[in-house]
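Coordinates in review
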Amino acid sequence: MRVITKIARQKNNPERYNIYLNEEYAFPVDEAILIQFGLTKGKVLVEFDIQEIAYEDEIRKAFNKGLNFLSYQMRSEHEVKKKLSSLEFGEAVILEAIQKLKSYGFLNDESYSKALLDTKKATMKKGPRAIRQDLIKKGIDKNLQDEVLETFSHEEQVKLATQLAEKVIRSEKKKTPAQIKAKIQDFLMRKGYSFTIVDEVLGQVEIEQAEDEWQSLLEAQGEKVWKKYASKYTGYELKMKTKQALYQKGFPVDIIDRFIEEKENEQ
């Protein structure tokens, strides 16, 4: 027979207590476990009681670690499981701790997913495809992914994608409209927007170039193209190679012809 002969609060952690059986130190327990099992001086414990107490205390420790992990920011169930596993808690203990965290409302994948969606839209203007990848990395169930992403309306996607497109336009003053649109398409696709959304945005944005702006672009790009091909070709070949390259960059034919004529007159 083993009897609790002493219960002492730990100096470094006032929420944990050391239990002494038959005048000898036996094991530590959390304050919640002390209350749960009604551990008091003089209580008789059999081996099964001690094992059950130890198991419940391990769950409580995992619960507290999980709670601390969640105190810094919202986490998914997958992240908390991964964290507790790294702390070498057993699988059964982790599952019990997760259930406790969920039952108290500290852990909720639906709330987490909605918060992640809102954050990614607000801070990075990410599209559905990119946000889905974020949800996958956090271990969110596919059905929940679908449910949350359905709230990301077509209109809001177009609005955010348009804002991103306008940012590209402002930062790419030294490119032709065709080059800028190609840049917008690549940027929006990488941000996680569908081709349908990208196409709609490209159809709405306006990129106009004044005559003097075309001249400035030619000075920046045309000279490089001409110099590149002038080192390899002459005459008609040089003219056609230059014309083709500038046309692919989005320069109008009449502006290209005028530029080539000027270059030929310089020779």
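Residues numbered from 1 in each chain as written. Predicted model: local features only at pLDDT ≥ 70, side-chain atom pairs only at ≥ 80, totals over all residues. Heavy atoms only, no water.

**Some remarks on the overall build of the chain**
Of regular secondary structure, the chain possesses 13 helices and four strands. Relative to the 2.2 N^0.38 estimate, which gives 18 Å for 267 residues, the radius of gyration of the chain is 34 Å and therefore markedly larger than a compact globule would have. For the C-alpha atoms alone, the extent of the chain along its principal axes is close to 110 × 40 × 25 Å. Counting only residues that meet the buried cut, the chain has 39% of its 267 residues in that class. Charged side chains in the chain number 46 positive and 45 negative. The centres of these two groups are separated by 4 Å. (Helix = DSSP H or I, 4+ residues; strand = E, 2+ residues; numbered from the N terminus. Rg over C-alpha atoms; globule rule 2.2 N^0.38 Å. Buried < 20%, exposed > 50% of the residue type's maximum accessible area, 1.4 Å probe, protein only. Lys, Arg positive; Asp, Glu negative; His and termini not counted. Charge placed at Lys NZ, Arg CZ, Asp CG, Glu CD.)

**Here we look at helix α5 (residues 109-124)**
Here α5 contains 16 residues, and its C-alpha end-to-end distance of 21 Å stays within 8% of the 22 Å for a straight helix at 1.5 Å per residue. On the buried face of α5, the contacting elements are α3 (77-86), α6 (128-137), α7 (142-149) and α8 (154-171). Two or three places before Glu110, at the start of α5, stands the capping residue Asn108, its side-chain oxygen 2.9 Å from that residue's backbone nitrogen. (Expected span 1.5 Å × (residues − 1). Contact = heavy atoms within 4.5 Å. Polar contact = N/O pair within 3.5 Å; in protein donor to acceptor, adjacent residues only side chain to side chain.)

**Quick notes on the nonpolar core**
Ranked by internal contacts, the top residues of the largest apolar core, which has 28 residues, are Ile131, Ile184, Leu188, Tyr193 and Val201. Those elements that place two or more of their residues in this core are α5, α6, α7, α8, α9 (177-190) and α10 (195-204). In terms of residue count, the dominant contributor to this core is α8 (seven residues). Not counting chain neighbours up to four residues away, the residues in contact with Ile184 comprise Ala165, Val168, Ile169, Leu202 and Ile207. (Core = buried A, V, L, I, M, F, W, Y, C linked by side-chain atoms within 4.5 Å.)

**Let's talk about the pattern of salt bridges**
Applying the stated criterion to the full structure yields 16 salt bridges. Of the charged contacts in the structure, one is a salt bridge between Arg60 and Asp30, with a shortest N-O distance of 3.7 Å. Of this pair, Arg60 sits in helix α2 (residues 47-72) while Asp30 is found in strand β3 (residues 24-30), placing the two residues 30 residues apart along the sequence. For Arg60, a relative accessible area of 21% translates into the label partly exposed. (Salt bridge = Lys/Arg side-chain N within 4 Å of Asp/Glu carboxyl O.)

**With respect to empty space enclosed by the protein**
Using the criterion set out here, one finds one cavity of 30 Å³ or more in the structure. Size it by volume and the largest cavity reaches roughly 30 Å³. As for the largest cavity, its lining consists of Gln215, Leu218, Ile255, Arg258, Phe259 and Glu262. Elements supplying a minimum of two residues to the lining of the largest cavity: α11 (211-230) and α13 (253-266). Sorting elements by how many residues they give to the lining of the largest cavity places α13 first, with four residues. Among the residues making up the lining of the largest cavity, the classes are represented as three nonpolar, one polar and two charged. (1 Å grid on protein atoms, 1.4 Å probe; cavity = no way out; pocket = protein on both sides within 12 Å on 5 of 7 lines; lining within 4 Å. Points joined across faces, edges and corners; volume = space filled by probe spheres on them. Nonpolar A, V, L, I, M, F, W, Y, C, P; charged D, E, K, R; others polar.)

**Here's the deal with the side chain of Glu56**
Mapped onto the secondary structure, Glu56 falls in helix α2. Here Glu56 occupies a buried position and makes no salt bridge, while the nearest side chain of opposite charge, Lys100, is found at 5.2 Å. Discounting chain neighbours no more than four positions away, the residues touching Glu56 are Ile33, Gln36 and Phe37.

All we've got here are geometric facts, nothing functional implied.
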